[in-house]
Each structure stands twice: as structure tokens, then as C-alpha cells.
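Descriptive structure summary
Here is what each chain is made of, one letter per residue.
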Protein chains: 4
Amino acid sequence: MFKGIFTPIVTPFKENEDFDHDKMKYNLDRLGSTRLDGIVVLGSNGEFCYLSESEKLEIASFALENFTKEKKVIVGTSCESTRETVSLTKKIAEMGADAILVLPSNYYKGAMKDDVLYKYFVDVAEASPIPVILYNMPANTGINLSASLIAKLAKHENIVGIKDTSGNIVQLTEIIRDTDDGFAVFAGNAGYLLPALAVGANGGTLALANIFPNECCELLSLFHEGKLTEARELQLKLIEPNFAVTSGGGISALKAAMDMLGYKGGLPRSPLKPLADESIKALRNIMAKAGAVLVN
Amino acid sequence: MFKGIFTPIVTPFKENEDFDHDKMKYNLDRLGSTRLDGIVVLGSNGEFCYLSESEKLEIASFALENFTKEKKVIVGTSCESTRETVSLTKKIAEMGADAILVLPSNYYKGAMKDDVLYKYFVDVAEASPIPVILYNMPANTGINLSASLIAKLAKHENIVGIKDTSGNIVQLTEIIRDTDDGFAVFAGNAGYLLPALAVGANGGTLALANIFPNECCELLSLFHEGKLTEARELQLKLIEPNFAVTSGGGISALKAAMDMLGYKGGLPRSPLKPLADESIKALRNIMAKAGAVLVN
Amino acid sequence: MFKGIFTPIVTPFKENEDFDHDKMKYNLDRLGSTRLDGIVVLGSNGEFCYLSESEKLEIASFALENFTKEKKVIVGTSCESTRETVSLTKKIAEMGADAILVLPSNYYKGAMKDDVLYKYFVDVAEASPIPVILYNMPANTGINLSASLIAKLAKHENIVGIKDTSGNIVQLTEIIRDTDDGFAVFAGNAGYLLPALAVGANGGTLALANIFPNECCELLSLFHEGKLTEARELQLKLIEPNFAVTSGGGISALKAAMDMLGYKGGLPRSPLKPLADESIKALRNIMAKAGAVLVN
Amino acid sequence: MFKGIFTPIVTPFKENEDFDHDKMKYNLDRLGSTRLDGIVVLGSNGEFCYLSESEKLEIASFALENFTKEKKVIVGTSCESTRETVSLTKKIAEMGADAILVLPSNYYKGAMKDDVLYKYFVDVAEASPIPVILYNMPANTGINLSASLIAKLAKHENIVGIKDTSGNIVQLTEIIRDTDDGFAVFAGNAGYLLPALAVGANGGTLALANIFPNECCELLSLFHEGKLTEARELQLKLIEPNFAVTSGGGISALKAAMDMLGYKGGLPRSPLKPLADESIKALRNIMAKAGAVLVN
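Note that the coordinates shown come from a computational prediction; the quantities given were computed from them, not determined experimentally.

As for the overall build of chain A
- Summing up its helical and strand segments, chain A has 12 helices and 8 strands in all.
- In terms of overall size, chain A behaves like a compact globule, its C-alpha atoms giving a radius of gyration of 18 Å where 296 residues would be expected to give roughly 19 Å.
- For chain A, the C-alpha atoms occupy an extent of roughly 50 × 45 × 40 Å along the three principal directions.
- Out of the 296 residues belonging to chain A, those deemed buried represent 64%.
- For chain A, long-range pairs separated by at least 24 residues make up 71% of all intrachain contacts whose partners lie at least 6 apart in sequence.
- In chain A, 30 side chains carry a positive charge and 36 a negative one; their mean positions are 2 Å apart.

Given below as C-alpha cells:
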């Protein structure tokens with residue numbers, strides 16, 4: 001059963017935009033010592049779609065080898081075609097990942113009806129040696145996985161959870177209502193972690209947890225301890241930095257924020273641009289205001 | 001200070017589509033004996049936009065005279081032009097309403113920038129003898145009042161709250177974060193009452209409370225008593241009937257559901273159509289499943 | 001049969017925002033001497049939704065009395081409820097209007113399915129003593145009248161045309177394909193007048209024709225004379241000022257542009273704001289560049 | 001200078017979903033004998049996003065070797081990262097393609113501001129040994145390339161044209177207005193070929209031309225000969241089959257229609273599903289009604 005707080009880690013690059021092993025090693029070590037329950041490798045924040053297949057294998061392998069065995073590692077294996085997603089999934093499974101995270105195929109949006117998406121996910125789940133977690137990310141894919149589709153998919157024994165980044169709290173509630181307790185429902189963004197927990201979510205898979213890992217875990221703890229007022233105060237405090245490194249500034253801002261904290265963020269791969277100087281300054285203020293100790 | 005559970009009441013019509021005083025009297029009496037904190041007259045569920053100005057005055061007057069003085073009455077006074085909204089507001093204020101509920105002017109969507117909307121609401125608030133509650137209803141108006149605009153408007157002493165029907169829980173959280181404790185933030189739909197409360201909302205203004213008034217109030221009580229598990233169970237149970245009478249079937253379904261419970265719903269005004277027979281049957285099942293005692 | 005170029009006239013106001021008869025008289029006289037085929041009163045550009053019913057009657061009456069009898073006058077009678085649209089339509093018909101222009105009822109967007117809209121328009125058409133022209137304006141109403149719905153409505157003998165402001169040229173082509181030759185299809189915006197004519201439109205109902213009436217008519221003439229290159233050049237020239245007074249600056253810009261040309265535009269009614277000074281300057285340049293002779 | 005009618009060819013697969021050389025050879029030979037000016041390989045209709053890099057190279061190479069040298073071949077090289085698009089572009093250029101067709105990078109929609117997209121296309125154009133044609137396809141990418149961005153990009157000497165599939169005829173007109181005559185503007189869909197030509201487009205890159213190649217070319221000829229009435233009749237006739245194989249049924253329908261005509265369409269790659277039986281029947285009627293001679 002997957003639960004708790006996970007973070008989708010970034011992929012650090014060298015100046016020439018090649019994968020930087022050392023920087024990732026640093027981040028893995030440091031995240032490994034936080035209260036996080038696990039990480040997601042090759043997710044949206046990992047710039048998975050900018051990586052070749054060989055890079056994906058190298059990075060997943062590196063993360064699995066270098067991250068503490070005490071926490072879970074989920075790996076994103078989304079490709080557009082069923083055959084490529086299945087092929088990548090099998091290779092990742094052999095490496096020892098705990099689960100895979102899979103987006104809907106989405107380029108041909110008009111054709112991705114529920115029956116097509118259902119078959120896509122089931123085909124992947126049938127072929128995958130390890131559990132599948134659905135990944136709903138309409139802002140990037142242009143496709144929303146409906147609660148009814150998710151509920152239907154949740155009946156498959158190898159589909160064990162969902163990361164929902166839609167921000168639609170009613171939909172999240174419907175998913176919880178319509179799936180078994182063993183199906184893991186994760187808030188996909190820290191902006192609504194507390195309301196998601198209030199309706200029964202099992203945790204969150206949160207970009208913000210790259211920079212505020214313990215604060216995100218603390219929010220979960222406060223909620224479970226029934227300290228709702230404190231949980232709410234923390235939620236309100238996290239809204240602004242969360243927006244800054246997700247919908248606001250995206251990966252470029254997340255990497256810049258990591259740098260401020262001593263993590264190894266660095267530059268995103270092109271065409272993503274590094275954060276502009278004035279945005280860095282604003283981000284620094286937001287981070288400090290939220291209580292972060294900035295070392296750079 | 002406005003707080004608790006309000007319901008936007010329907011406007012019952014006779015067969016010829018004229019306003020039906022007797023039916024409204026029945027509903028007002030019965031709602032008056034529930035745990036509700038108040039009602040909204042001439043809201044979206046009141047088919048306000050289908051009513052002439054003289055009908056609006058008649059209906060508001062009738063409701064104010066016939067509803068228990070122990071509960072609050074908010075009246076919707078939204079028109080497209082500032083002068084008409086102000087004119088109607090003054091007449092309503094004289095009748096003794098506790099507050100007015102005001103949508104953004106919205107036909108010229110492209111022109112309704114934040115500065116235009118700001119001036120609109122402030123002009124109304126300045127002219128209104130009674131407090132103003134903002135009404136964010138993007139599904140119907142095509143305009144979303146941003147958290148930053150609401151926070152700015154909340155500084156006006158005569159703007160005392162908001163009914164937010166956007167369903168964007170992060171936006172609701174931002175509004176709560178950026179306004180004083182005295183500013184009332186209401187969930188505008190029962191689908192997310194619990195998550196809204198979790199982040200600090202003061203209550204809800206809920207179409208569903210026309211048919212499940214005490215259940216909506218019970219959810220609020222459970223939350224305040226710290227009985228989160230029970231609150232969640234109730235929230236999950238209310239999702240389905242709530243969808244059926246709001247986004248799903250709209251006013252036609254809400255009125256049909258009221259009829260099933262012995263309230264006086266009746267037909268909507270044209271062009272709205274009464275609920276089709278097969279939809280009535282489905283609605284009946286949903287209502288029964290949610291625990292309603294159907295008398296018709 | 002309606003064809004040619006019409007313009008939806010503005011409603012001029014005094015400084016106190018009351019209707020200004022003298023200004024409208026001036027505009028009517030001047031537009032009456034252009035090549036225009038007619039005008040639309042109480043359309044979107046006439047700020048119809050900001051006017052009380054008595055104002056609507058007064059303005060329509062005034063326009064019908066003061067505009068040349070050699071050109072046609074269409075009057076907008078859109079209200080949200082069927083009964084109010086029918087009531088206004090009957091009064092307008094008695095005044096001698098040539099046709100009415102009717103938007104879909106649109107506040108309850110979720111309920112406005114094709115069968116509801118079909119009944120709405122047919123009910124109005126049945127009750128209307130004068131021909132009905134459909135008005136598709138999704139940017140303001142949030143509802144698009146589909147080609148199939150329009151084709152079905154076009155079979156009604158009292159529904160004689162459509163002003164389509166969707167900008168969807170394929171939809172416009174489908175409407176032309178699926179309606180009889182006697183059904184008038186008007187481009188609703190000068191930005192695509194030529195392409196609309198190319199696929200068979202009967203003309204245009206164009207805000208731009210308030211300020212470039214003869215140029216709009218000239219484009220139509222060039223097209224009918226087979227002078228496609230000249231027509232294209234004119235179309236390209238009109239795109240910029242057209243954008244400026246429609247999607248760009250809206251009614252405020254249209255009224256400002258009229259003032260520059262000596263027409264009586266004046267201020268819009270609140271909450272619409274007059275064009276800001278810097279925008280007026282930019283508009284002046286656009287107008288001059290498009291060949292307009294500015295007198296103010 | 002690119003002009004005339006191109007078709008984005010499909011990628012035929014064997015039953016096991018591997019690329020089928022023989023089927024593509026057949027299609028290439030047959031399309032080579034039509035009036036088409038050229039083809040696009042690895043476009044959206046070529047299921048480019050379902051192909052591995054090695055498959056892309058194999059297919060492009062095969063098409064370049066087997067298609068008549070008398071017509072042009074454009075190859076799609078869109079990847080998400082700049083480095084991958086550049087890498088693929090260089091390999092394709094070496095094979096002798098006439099130009100490349102490039103989508104905006106689009107997964108991180110929120111980050112793809114105009115300055116980011118500008119740099120992306122310029123970086124690709126700088127690195128590409130052969131001309132670049134921009135590809136605007138908002139329905140699939142969720143990103144619209146604005147007229148102003150396109151005009152700015154068109155100033156680069158190696159960016160020579162655009163395929164615009166937005167369907168926004170005003171935007172297409174603005175592009176034509178704001179670019180030099182040497183910049184090729186192609187309608188990206190046969191649904192608006194005639195209106196696009198009317199405002200000055202240089203031709204079309206049309207999925208429909210896979211099944212109606214000569215009809216699409218005939219429409220262009222009729223337009224250039226000034227036979228506007230005949231062109232319009234043809235345009236109206238092509239709307240329905242065009243919708244059926246693009247927005248309606250997509251690639252699955254296009255491949256099915258090709259099969260009906262004796263071309264080698266076959267099955268799409270998963271997760272795309274083959275056209276359902278009842279849809280095939282409807283498609284058959286549409287094809288026949290449009291004058292196609294069905295052999296299967």
C-alpha cells in the first residue's frame with residue numbers, strides 16, 4: 001500500500017545539458033534523510049519528456065541504486081504508444097522500482113475516449129511486473145481522467161493508486177468514494193494537500209516536497225493527530241511557495257529554489273529557460289517568508 | 001458576521017409560469033423550521049435572471065415578510081449595469097434584507113478586467129445601505145473572481161463575504177489566507193463543503209440545503225466537533241445528490257427533488273425544461289440512496 | 001431576404017449615462033447616407049443588456065422613427081426568459097422593425113442543451129410577428145449554436161437568418177451547406193468578411209461598419225465583381241482597426257473611434273469604462289493607418 | 001518556395017504494429033501519380049509520436065527513397081527537447097528532405113511563453129541544414145502559435161512557412177498580412193481551404209488529400225482560375241468527408257477510408273483503436289456521397 005508524502009525529483013543537468021550524476025547523488029542522499037516516504041523518478045518535474053530512452057534507463061537505475069532502501073521509489077514510464085510504455089515499464093521493473101507512474105497517452109486528444117484510455121492503462125497494467133499508479137495531469141496532457149474511469153481502472157489488481165493533479169477536489173472525493181481502501185489516492189499538488197486529506201486522501205506526491213519535505217510530512221502528521229488548526233496554518237503558509245514552484249514558475253523555479261537551499265537544482269533542459277533574475281529575487285522573498293533557510 | 005449554512009431558495013411558479021406565493025410560503029415555513037442559518041432569495045437557483053424587476057421586488061418582499069425573523073435573509077440584486085444593480089439594491093435594502101449577493105457584471109466578458117470589476121463592486125458597495133456579499137459563479141458568468149481581486153475588495157467595509165462556486169479549493173484557501181477573520185467565506189456548492197471547512201471556510205451557501213438542510217448543517221457541526229471521520233462519511237454521501245441537483249440536472253432537478261420531499265418545487269420557467277421522466281426516476285433512486293424520505 | 005452589410009449601432013449616453021437622443025439622431029442621419037443596407041438596434045454594441053425595458057422600447061422606437069426608410073432596421077430583443085423575449089419582441093414588432101435578432105438564453109449554460117435552445121428559438125419565432133434572425137455570440141454568451149442546430153432552426157419559416165460571431169469558418173460553411181439559399185448567413189465580425197463571402201455568406205453584421213461603413217460595403221462589392229485581389233487587400237487593411245474596436249477594446253474603443261470620426265460615440269455605461277488615454281492614442285494611430293480621416 | 005497541396009501521409013503497420021514497408025511503398029507510388037505537390041512524412045497523421053527514433057529514421061529514409069523525385073518531401077522532426085529535435089533534424093536533412101515540419105515543444109504548456117517558443121524554433125532553424133516549416137496544431141499540443149510570434153519567426157531566413165491547423169481564419173489572415181510573400185502559409189485542414197486561399201494562403205497540407213488528392217488540387221486550380229462558384233461547391237462537398245477523417249474519426253477513420261479506396265491504410269498503432277464497425281459503415285456512406293469510388 002502506497003501512502004504518505006512522495007516527491008517527484010528533478011533531473012539535474014550539467015552546463016552542456018547532460019545528466020549530472022553527482023548532483024542527483026547529492027539530492028538523493030539529502031532527500032533520503034528527510035521524513036519523506038519516497039520519491040518519483042522521471043515524473044513531470046524530472047523533465048522525463050526531454051530525455052531519450054537510454055537517459056531514462058540510466059537515471060532510473062542511478063536513482064534506484066543510490067536512494068535509501070528504506071523508502072519507496074516510483075518511476076514514470078509514460079510514452080505515447082502502448083508498446084513503448086510497456087517496453088520501458090518492463091525494463092524499469094527489472095531494476096527494482098516499487099511502482100510505475102503512468103500518464104494517459106495524450107497527443108491525439110480527440111481520440112482518447114474513455115474506452116481507449118481504459119484499454120491503454122489495462123494493457124500497461126497487464127504487462128507490468130510491478131504495480132501501476134495512474135497519473136492525472138490535465139494541465140500538461142490536456143486530458144482529464146474522470147472519476148468514473150479511475151474507479152473502473154482501480155478494479156484491476158495491478159492498478160494500485162492515482163496521483164491526481166487536476167485540483168478538482170470534488171473529483172478527488174468521488175475517486176475516494178468509488179475505490180477500495182487499498183487504492184492509494186494522492187494529492188498531486190501541495191496547494192490542496194489538507195483538503196485532500198480531509199476527504200480521505202492517502203497522502204501527496206508533491207513537487208513542493210523537493211524543497212519543503214519535512215513541512216509537507218508535518219502537515220500530514222498534524223492532520224493525523226487531529227491538530228487541524230495547526231495543519232491549516234501550515235497549509236496556508238505553503239500555498240505561496242507551492243504556487244511559485246509549480247503553476248507559477250514551474251521546473252525552472254523549482255530548480256532555482258533548490259539551489260537556494262543548497263540542493264542541486266541547476267538549469268532545466270532547453271527549451272525550458274532558467275528563471276529570470278527578477279523572478280529569482282521574488283522567489284527568494286517567497287522562500288524566506290515561508291521560513292526556508294537560504295544558503296545561496 | 002455571516003456564517004453557517006444558507007440555502008439559495010427556488011422561485012416556485014404556477015402552471016402559467018407566474019410566481020406562486022402559496023408554494024413559496026410553504027417552503028419558507030418549512031425551511032424556517034430547519035437548522036439552516038438563513039436563505040438567499042433571487043440567487044441562481046431562484047431563477048433571478050428570468051424575473052422582471054417588479055417580480056424580483058415582489059418575491060423578495062414576500063420572502064422577507066414570511067420567513068422567520070430568527071434567521072438571516074440575503075437577496076441577490078445582480079444586474080448587468082451598475083445603475084440597475086444599485087437601484088435594485090436600494091429597494092431591497094429598504095425591505096430589510098440582511099445583505100445582498102452580487103455577481104460580477106459579465107456579458108462583456110472581454111472588458112471585465114480586474115479594475116473594471118473592482119470599480120463595479122465598490123460602486124455597488126458604496127451605494128448599498130446593507131452589506132454586500134460577492135458571488136463568484138464562473139460556470140454561469142464565464143468570469144472568475146481571482147483571489148487577489150477578492151482580497152482587495154474585502155478591504156471595503158461594506159463588502160463582508162463571498163460565495164465561491166468556482167470549486168477551486170486552492171483559490172478558496174488563498175481567499176481565506178488573504179482576508180480578515182471577519183470576512184465570510186462560503187463554499188458555494190455542497191460538493192466541497194468539508195474541504196472548504198478544512199481550510200477555514202465559514203460555512204456554505206448550498207443549493208443542496210433546499211433538500212438536505214439538516215444534513216448540510218450536521219456536516220458543519222460534525223466538523224466543528226472534531227468528528228472528522230463522520231463528517232467525511234456524510235460528505236461522501238452527499239456528493240451524489242448534490243451533483244444531481246446542481247451541475248447534473250440543475251434547477252429542474254432541484255425542483256423535482258423538492259417535490260419528492262413534499263416541498264413545493266414545481267416547474268422551472270421557460271426556456272428551462274422540467275426534468276424528463278427517465279431523469280426523474282434516476283433522481284428518485286439517488287435521493288433514496290442518500291437517505292431521503294420520499295413522499296411523492 | 002436579408003443581405004448586404006449591416007452595422008449594430010451603439011447607444012450614445014449623456015454624461016449622467018441617460019440615453020442621448022440627439023447623439024443617436026446624428027449617427028442615424030449620417031449612417032443613413034452611407035452605402036449600408038441597414039442597422040441593428042439593441043445589439044451587443046448597443047449595450048442592450050445595460051438598458052431597462054423602457055429604455056429599450058424608447059431607443060428602438062427612436063431609431064425606427066429617425067432612420068431612413070430606405071434601409072432595414074433589425075432590433076435585438078434577447079432576454080433570458082422566453083416570456084420576456086416574446087413580450088419585448090411583440091412590442092418591437094408593433095413599432096415596425098424589419099426583423100429581430102435573438103441570442104440564446106445563456107445564464108444557465110449547463111442546461112442549454114440543443115433541445116432546450118431549439119424550443120426557445122421556436123417559441124420566440126412562433127410568437128414573433130416579424131422574422132427572427134439567430135445571433136450566435138459565444139464569446140459573450142458562453143454558448144455556441146452548432147451548425148446542426150442552426151440548420152434545424154432554419155427550417156422554421158419565421159427564422160430567416162443568422163449572425164454568426166463565432167469566427168469558426170468551417171461552422172459557417174456548414175451552415176451555408178445545410179440551409180436553403182433564402183436563409184441569410186451573416187459574418188458577425190469584419191475580421192473574416194471576405195472568407196465568409198468566399199464560402200457563400202450573404203453579407204455581414206459588423207461593428208466595424210459603424211466607423212468604416214463604406215469600406216465594408218466596398219469589400220462586398222469587390223467580391224461580387226470578382227476583384228478578389230482588391231478585396232483581399234481591403235480585408236487585410238481592415239483587420240487591425242476591426243480588432244481594435246471588437247475583441248481588442250470593445251465598445252469603449254468603438255465609441256472612441258466614432259468620436260475621432262465625428263460620429264457621436266461618447267462614454268459607455270458603467271461598469272464599462274471609457275478607453276484609457278494611452279489606448280486612445282494607439283487607436284488613433286490604427287485608425288489613421290487604415291486610412292480614416294480623423295476630425296477629433 | 002513551398003506552395004500547392006501536400007498531404008501528411010499515414011504510417012501503415014503490420015498486424016503486429018511494426019512498420020509495413022510494402023504498404024507504404026504502394027501508397028507512395030499511388031500518391032506520386034496524383035496532382036499533389038508533395039507529402040509530409042512523420043506528421044500527426046503519420047503517428048510520429050508513437051514511433052521510436054530508429055523507426056522515424058527508417059520511415060523517413062524509406063519515403064525519401066521511394067517517392068517520386070518530382071514532388072517535394074517534408075519530414076516532421078518534432079521532439080519535446082531542443083536537443084532531440086535538432087539531432088533528428090540533422091539526420092533527416094542528410095537524407096535529402098526538402099524541409100522539416102516542427103511543432104512547438106508543448107508538454108510544459110505553462111512555461112511555453114512566446115520568448116521560450118521563439119528561442120526553440122530559432123535554435124532549431126539555426127541548426128537545421130534545410131528549411132523549417134512551423135506547425136501550429138493547438139488541438140493536439142494545447143498551444144497556439146500567435147500571429148505575432150509567427151511573424152517574428154518568419155523573419156528568420158531558414159523559417160520558410162507555416163502549416164496552421166488552428167482553424168482561426170482571422171489569425172491566418174494576420175499571418176499573411178504580417179509575413180513576406182516568400183513565406184508559405186498553408187491551411188492545415190481541408191475544411192477551410194477555400195477561405196484560406198481567399199485571404200492569400202499558398203496552399204494546404206491536408207489529411208484529406210490522402211483520400212481526395214486530386215479534388216483538393218482541383219479546388220486550388222478552380223480558385224486560381226477565378227472559378228469561385230465551382231470552388232465553393234467543391235469546398236462544400238469536401239467538408240463532410242474531411243471532418244470524418246480529421247476531427248471526427250481521426251487517423252483510425254483516415255486509414256479506414258484509405259482502405260475503402262484501395263490505398264493501404266490498415267490499423268493504427270495502440271492505444272489508437274481501429275474504427276468501430278458502425279463507424280465504418282457511416283464513413284462508407286460519407287465517402288460515397290462525396291463521390292469516392294469505393295473498391296473495398
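Notes on the interface of chain A and chain D
- In this assembly, 38 residues from chain A lie in contact with 38 residues from chain D.
- Around 3000 Å² of area is buried between chain A and chain D when both sides are counted, 56% of it from carbon and sulfur atoms.
- Put simply, chain A and chain D have 6 salt bridges between them.
- The closest approach of N and O atoms between R83(D) and D18(A), which form a salt bridge, is 3.0 Å.

Let's talk about unusual backbone geometry
- Residue P271(C) follows S270(C) across a cis peptide bond; omega there is 15°.
- With respect to the element layout, P271(C) can be found in the loop between α11 (250–260) and α12 (277–289).
- Phi at E17(C) is positive, roughly 75°, even though this residue is not glycine.
- Relative to the helices and strands, E17(C) resides in the loop between β1 (4–8) and α1 (21–32).
- The phi torsion at E47(D) lies on the positive side, around 55°, for a residue other than glycine.
- With respect to the helices, strands and loops of the structure, E47(D) is situated in the loop between β2 (38–41) and α2 (53–66).
- Taking the relative accessible area as the measure of exposure, E47(D) reaches 0% and is therefore buried.

Some points on the sheet that holds strand β3 (residues 72–76) of chain D
All names here are of chain D.
- Pairing is parallel in the closed barrel, where 8 strands are placed in the order β1-β2-β3-β4-β5-β6-β7-β8. Taking each pair of neighbouring strands and ignoring which way they run, the sheet shows an average axis angle of 25°.
- Direction of pairing for strand β1 (residues 4–8) relative to β2: parallel, over a ladder of 3 bridges. In the strand pairing of β2, F6 is matched with G38.

Some thoughts on the relation of the copies chain B and chain C
- In screw terms, the move from chain B to chain C is a rotation of 180° and a rise of 0.0 Å along the axis, fitting with an RMSD of 0.0 Å. The transformation just described matches what one would write down for a two-fold rotation axis. Within chain B, the C-alpha atom positioned nearest to the axis of rotation is that of G142(B), 3.3 Å from it.
- When the interface residues of chain B are mapped onto chain C, 100% of them again fall at the interface, so both copies present the same face.

A few points about the interface of chain B and chain C
- With 38 residues of chain B at the contact, the number on the chain C side is 38 residues.
- Carbon and sulfur atoms supply 56% of the area that chain B and chain C bury against each other, a total of about 3000 Å² over both sides.
- It is R83(B), Y107(B) and Y108(B) that lose the most area in chain B upon contact with chain C, and together they represent 26% of the buried surface on that side.
- K273(B) serves as the salt-bridge partner of D115(C), at 3.2 Å between the closest nitrogen and oxygen.
- Those elements that place two or more of their residues in the side of chain B that touches chain C are α3 (82–94), α4 (114–127) and α5 (138–141) of chain B.
- Ranked by residues supplied to the side of chain B that touches chain C, first place goes to α4(B) with 4 residues.
- Class assignment of the residues belonging to the side of chain B that touches chain C gives a composition of 16 nonpolar, 10 polar and 12 charged.

Some details on the relation of the copies chain A and chain D
- Superposing chain A onto chain D takes a rotation of 180° combined with a translation of 0.0 Å along the rotation axis, leaving an RMSD of 0.0 Å.
- When the interface residues of chain A are mapped onto chain D, 100% of them are again interface residues, pointing to one common binding face.

Examining the pattern of salt bridges
- All told, the structure shown has 52 salt bridges over all chains when counted by the stated rule.
- The partner of E55(C) in a salt bridge is R83(B), with the nearest N and O atoms 3.8 Å apart. With E55(C) in helix α2 (residues 53–66) and R83(B) in helix α3, the pair connects residues from two separate chains.
- Connected through shared salt-bridge partners, D18(A), E55(A), R269(A) and R83(D) make up one network.

Digging into the sheet that holds strand β8 (residues 203–205) of chain C
All names here are of chain C.
- Read around the closed barrel, the 8 strands follow the order β1-β2-β3-β4-β5-β6-β7-β8; overall the barrel is parallel. Going across the sheet, the axis of each strand differs from the next one's by a mean of 25°, ignoring polarity.
- Alignment of strand β5 (residues 132–136) against strand β6 (residues 159–164), held across 5 bridges, turns out to be parallel. When the sheet's bridge partners are listed, L134 is paired in β6 with I162.
- Running over the sheet, helix α4 (residues 114–127) touches β4 (99–102), β5 and β6 and is turned about 160° from β4.

Concerning the packing of helix α1 (residues 21–32) of chain D against α2(D)
All names here are of chain D.
- One can describe the packing of α1 onto α2 by two numbers: an axis separation of 10 Å at closest approach and a directional angle of 40°. Taken together, α1 and α2 sit at an angle that is classed as oblique. Helix-helix and strand crossings are classified by hand; for α1 and α2 the assignment is right-handed. Residues H21, M24, K25, L28 and D29 of α1 touch α2, and the partners they reach there are E58, I59, F62, A63 and N66.
- Its residues assigned to classes, the contact of α1 with α2 shows 5 nonpolar, 2 polar and 3 charged.

Regarding the environment of N285(B)
- Considering the arrangement of structural elements, one finds N285(B) in helix α12 (residues 277–289).
- Placed 118 residues apart in sequence, N285(B) and G167(B) show a C-alpha to C-alpha distance of 26 Å.

So, the packing of aromatic side chains
- Taken as a whole, this structure holds 28 aromatic pairs over all chains when the rule is applied.
- Between Y50(A) and Y108(D), the aromatic rings sit 5.3 Å apart at their centres with planes inclined by 80°, giving edge-to-face as the arrangement. With Y50(A) in the loop between β2 (38–41) and α2 (53–66) and Y108(D) in the loop between β4 (99–102) and α4 (114–127), this pair bridges two chains.
- On the accessibility criterion, Y108(D) (7% relative accessible area) is buried.
- Taking the centre distance of 5.0 Å and the plane angle of 80° together, the rings of Y107(B) and Y108(B) count as edge-to-face.
- With relative accessibility at 5%, the residue Y107(B) sits in the buried group.
- Feature note: the residues F48(A), Y50(A), Y107(D) and Y108(D) constitute an aromatic cluster, connected by ring pairs.
- Just above the ring of Y263(C) sits the side chain of R30(C); from NZ or CZ to the centre is 3.8 Å.
- Stacked on the ring of Y118(D), the Lys or Arg K152(D) has its end atom at 4.3 Å from the ring centre.

Remarks on helix α10 (residues 228–248) of chain A
All names here are of chain A.
- The largest bend in α10 is about 40°, located at N242.
- Those residues of α10 that fall on the buried side of the exposure criterion are L228, A231, L234, Q235, L236, L238, I239, P241, N242, A244, V245 and T246.
- Directly beyond the C-terminal end of α10, a positive phi value near 65° is found at G250.

Structural notes on the state of the cysteines
- Counted according to the given criterion, the structure contains 0 disulfides over all chains.
- Among the cysteines around C216(A), which has no disulfide bond, C217(A) carries the closest sulfur, lying 6.8 Å off.
- A disulfide-free cysteine, C49(C) has its sulfur positioned 11 Å from the sulfur of C79(B), the nearest such atom.
- What makes C49(C) buried here is its relative accessible area of 13%.

Conventions we followed
Residues numbered from 1 in each chain as written. Chains lettered and ligands numbered in written order. Predicted model: local features only at pLDDT ≥ 70, side-chain atom pairs only at ≥ 80, totals over all residues. Heavy atoms only, no water. Helix = DSSP H or I, 4+ residues; strand = E, 2+ residues; numbered from the N terminus. Rg over C-alpha atoms; globule rule 2.2 N^0.38 Å. Buried < 20%, exposed > 50% of the residue type's maximum accessible area, 1.4 Å probe, protein only. Contact = heavy atoms within 4.5 Å. Lys, Arg positive; Asp, Glu negative; His and termini not counted. Charge placed at Lys NZ, Arg CZ, Asp CG, Glu CD. Buried area = accessible area lost by both parts, 1.4 Å probe. Salt bridge = Lys/Arg side-chain N within 4 Å of Asp/Glu carboxyl O. Pairing = 2+ DSSP bridges. Axes fitted to C-alpha atoms, helices over the stretch in contact; angles between N-to-C directions. Least-squares fit on C-alpha atoms with pLDDT ≥ 70 in both. Nonpolar A, V, L, I, M, F, W, Y, C, P; charged D, E, K, R; others polar. Parallel < 35°, antiparallel > 145°, perpendicular 65-115°, else oblique. Left-handed = near helix turned anticlockwise from the far one by under 90°. Phe/Tyr/Trp six-rings, centres within 6.5 Å; stacked < 30°, edge-to-face > 60°. Lys NZ or Arg CZ within 6 Å of the ring centre and 35° of its normal. Bend = angle between axes of the 7 residues up to and from the residue. Disulfide = S-S within 2.5 Å.

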